[in-house]
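Chains, contacts and geometry: an overview
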Amino acid sequence: MKGKFIAVIAACAILCMAGAFASCNHEHKFGEWVTVTEATCTKGGVRERTCRCGEREAEAIDALGHDYQNGVCTRCGEEQPPTDNAFFAFLSQGNGCYSIKAAPGKLLPETVVLPSEYEGGAVTEILPSGFWRGNMRTVFIPDSYTNIANEAFSGCDALEEVTAEGPLDQLGDNAFYGCSALERALFEDGVKRVGNGVFGNCTALTEVRLGEGTEILSGELCVRCPSLKEIVLPDSVTQFWKCLARECESLERISIGSGLKSISGIDGMPLASDCPAFSRVEVDPENPLFSGEGNCLVRKEDGLLIAGGKDSVIPADGSVREIGYGAFSGIAIARAEIPAGVVRIGDNAFLNCTALAKVSFPAGLTEIGGYAFAGCGLLAEIALPEGLSEIGDYAFWGTAIGTLRLPESLSQIGFAVFSDCTNLKTAYVPGVKNVGGGMFEDCTALEEVTIGEGAVDLGSSLFSGCTALRSVTLPESAVSVGDECFSGCTSLAEIEWGSPLIMIGWNAFRDCVLLREVSIGASAYYVGPGAFLGCESLEAVYFAETEGWTADREPIDPALLADSQAAAQLLKENESQIWENPEKRDEWFGSGY
């Protein structure tokens, strides 16, 4: 019995030892961390977790550090201390105040807080190019500053955000030009005068805040800022330069406050030049001088439509009397219904509106300005109203017009009005005394043209490069052909002359390889060099008057000119000589023409 008892005790001891050993090697399973002491901006905290066995584990929490926004920590409210003065150079203004710039040869910290004072005086100005090509990422400008000079931060391609704490008197020209990483520019207390090109080439810019207190924008605000979608001007803005944005491809909206009194450069660049997505221009309805009806900026005083977007509908209530310079230039507008009451469409009004496919013109329209619809490559049809008296230079250059009949009321046609209209096949031009030079230049599909009675002078390069032109009907009144008028019309075999020609300009029929004969009238006084050069098929030139002609002031044998074939051969070979009949010239100009 004694031996069994000892064995049991031994076994129990072994079991107890095993249990104790197992307890000592237990794998802890801790719960969630619990914060015991919160971390602050400057001091660390503590957190701990507990196992089911009662074992605890503690861990230090790092200090959070300050999170400065607009010069103040968002966590503790502490003001951000200014960057060490060693990074700056100061210049006395002589009135107890100082101007500042970056110290030469020093790399700036990522965050720069400009000092508000130096040696007991206020720092109020950032010098021209003061931080040019600086390496900082954010800049905070305290409220002692009144002036940010020209190009102050230009070329700072790492700069992402700038914040001004107080109101500024001036934000200089090109102040942030080329800050390609700049996303936000916050001037929420306003800038009295904003310079030209302040945010040029800020390709990452998405937000510009100009707060109440901003008064005058003296030039382009945003140039080549492809990420920017809107510009909002506060009620305090009284004047701005017409072109607020240029080449901002994502810009959709411009909002104008109630205090706007004037727009400078009204005949200059468009409000949103080459901003194809621009769709809305809004004006506070309390503004007494300008309206935003129909997403159009209209000056109430004279009915001038200054700007519109792709979603604009021109008001048809009689409030618009003129479509202003560049009003829709470069905008992706697809249709333009110009209402009754509009008497003038200004220069560049719809220039390069590449989506514009349809335009309706009102009765009462009297003038279409230069380049008004130039580059509108989808515009295939126009019906110009009677009463229209003037069309400016290049007005419909490069459009898709297929047929053309101009109204009889026209009295003035500018240069190259329909040039490069490569779909144009037939055209009728009324009897305008001077048919504009280059009017149909390089209209390569143009086949037939009729010019009405009353036309006297066919302008230079009028049909130059019209390689398909087969038929031209001229009135009896047309007696003068300008330089290069028919140059390169390789399909032109004959012209129905109303009367013999009196003046033929330089290279007037050059390379008209199918032209066979020409008549030169009794009153003719001039044939320019190269007028018939390259006219391989020219067989006969009929001179009604063979006496008195000279070539470079040397007399020409009348017998040669009496022979139509010989005359044709001479003219085909004439590359440089000026043929004149001085007596007839004096008679012509003495007639009062």
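Described below are features of the structure shown in this document. Keep in mind that this is a model prediction, so the values were computed, not measured.

Before going further, it helps to spend a moment on the sheet that holds strand β23 (residues 245-246). In spatial order, the strands read β17-β20-β23-β26; together these four strands make up an open sheet with parallel pairing. The outermost strands of the open sheet, each flanked by one partner alone, are β17 (199-200) and β26 (272-273). Sheet topology note: the strand β20 (residues 222-223)/β23 ladder contains two bridges and is parallel. Bridge pairing in β23 links C222 to A245.

Okay, the nonpolar core next. Counting residues in each nonpolar core, the largest one holds 157 residues, and the members touching the most others are F176, F199, F373, F440 and F486. Considering every element that reaches this core, the biggest residue donor is strand β30 (residues 304-308), with four residues. Residue contacts for F176: discarding those within four places in its chain leaves F153, S154, L159, V162, L171, L182, F187, V198, F199, G200 and C202. Judged by nonpolar contacts, the second largest core, of seven residues, contains V456, M503, Y525 and W588.

Taken in spatial order, the three strands of this open sheet run β1-β2-β3, and their pairing is antiparallel. Of all the strands in the sheet, the pair left with one neighbour each is β1 (34-37) and β3 (56-61). When the angles between neighbouring strand axes are averaged without regard to direction, this sheet yields 30 degrees. When β1 meets strand β2 (residues 45-50), the two strands line up antiparallel, connected through three bridges. The residue bridging T37 from the neighbouring strand is V46, located in β2.

What follows deals with the pattern of salt bridges. Tallying each qualifying case throughout the model produces 23 salt bridges. E282 serves as the salt-bridge partner of R280, at 3.2 Å between the closest nitrogen and oxygen. Classification of R280 as partly exposed rests on a relative accessible area of 29%. E282 sits in the partly exposed class, given a relative accessible area of 25%. In this structure, the salt-bridge partner of R585 is E580, at a minimum N-O distance of 3.3 Å. Within this structure, E161, R184, E188, E207 and R209 form a network of salt bridges that share partners.

Here the focus is unusual backbone geometry. With a phi angle near 60 degrees, Y371 is a residue other than glycine that sits in the positive phi range. With respect to the secondary-structure elements, Y371 resides in the loop between β35 (367-368) and β36 (390-391). For S461, which is not glycine, the phi torsion reads 60 degrees and is therefore positive. Tracing the sequence through the fold places S461 in the loop between β42 (457-458) and β43 (471-473).

Here we take up the environment of A427. Its place among the elements puts A427 in strand β39 (residues 426-429). Judged by its relative accessible area of 7%, A427 falls in the buried class. It is 9.4 Å that separates the C-alpha atoms of A427 and F440, two residues lying 13 residues apart in sequence. A427 has contacts with L404, F440, L446, E448, V449 and T450, leaving out every residue within four places of it along the chain.

With that settled, the discussion passes to a negative patch on the surface. Residues E494, E496, E517 and E539 make up a contiguous surface patch of negative charge. Position of E517 relative to the elements: it lies in strand β47 (residues 517-520). A relative accessible area of 46% means that E517 is categorised as partly exposed.

Moving on: the packing of aromatic side chains. In the structure shown here, the tally under the stated rule is 22 aromatic pairs. Between F90 and Y118, the aromatic rings sit 3.8 Å apart at their centres with planes inclined by 5 degrees, giving stacked as the arrangement. Of this pair, F90 sits in strand β6 (residues 88-92) while Y118 sits in strand β9 (residues 117-118), and the two are 28 residues apart along the sequence. Accessibility expressed as a relative area gives 19% for F90, which makes it buried. Since its relative accessible area comes to 23%, Y118 is described here as partly exposed. Measuring from ring centre to ring centre gives 5.4 Å for F396 and F418, while their planes differ by 5 degrees; the resulting arrangement is stacked. Of this pair, F396 sits in the loop between β36 and β37 (403-405) while F418 sits in the loop between β38 (412-413) and β39, placing them 22 residues apart in sequence. Accessibility expressed as a relative area gives 0% for F396, which makes it buried. Connected via pairs of aromatic rings, a cluster forms that spans F328, F350, F361, F373, F396, F418, F440, F463, F486, F509 and F532.

Quick notes on the rules
- Residues numbered from 1 in each chain as written.
- Predicted model: local features only at pLDDT ≥ 70, side-chain atom pairs only at ≥ 80, totals over all residues.
- Heavy atoms only, no water.
- Pairing = 2+ DSSP bridges.
- Helix = DSSP H or I, 4+ residues; strand = E, 2+ residues; numbered from the N terminus.
- Core = buried A, V, L, I, M, F, W, Y, C linked by side-chain atoms within 4.5 Å.
- Buried < 20%, exposed > 50% of the residue type's maximum accessible area, 1.4 Å probe, protein only.
- Contact = heavy atoms within 4.5 Å.
- Axes fitted to C-alpha atoms, helices over the stretch in contact; angles between N-to-C directions.
- Salt bridge = Lys/Arg side-chain N within 4 Å of Asp/Glu carboxyl O.
- Patch = residues over 30% accessible without salt bridge, like charges linked within 9 Å, V, L, I, M, F, W, Y side chains within 5 Å.
- Areas by Shrake-Rupley, 256 points an atom, 1.4 Å probe, with all protein chains shown as cover.
- Lys, Arg positive; Asp, Glu negative; His and termini not counted.
- Charge placed at Lys NZ, Arg CZ, Asp CG, Glu CD.
- Phe/Tyr/Trp six-rings, centres within 6.5 Å; stacked < 30°, edge-to-face > 60°.

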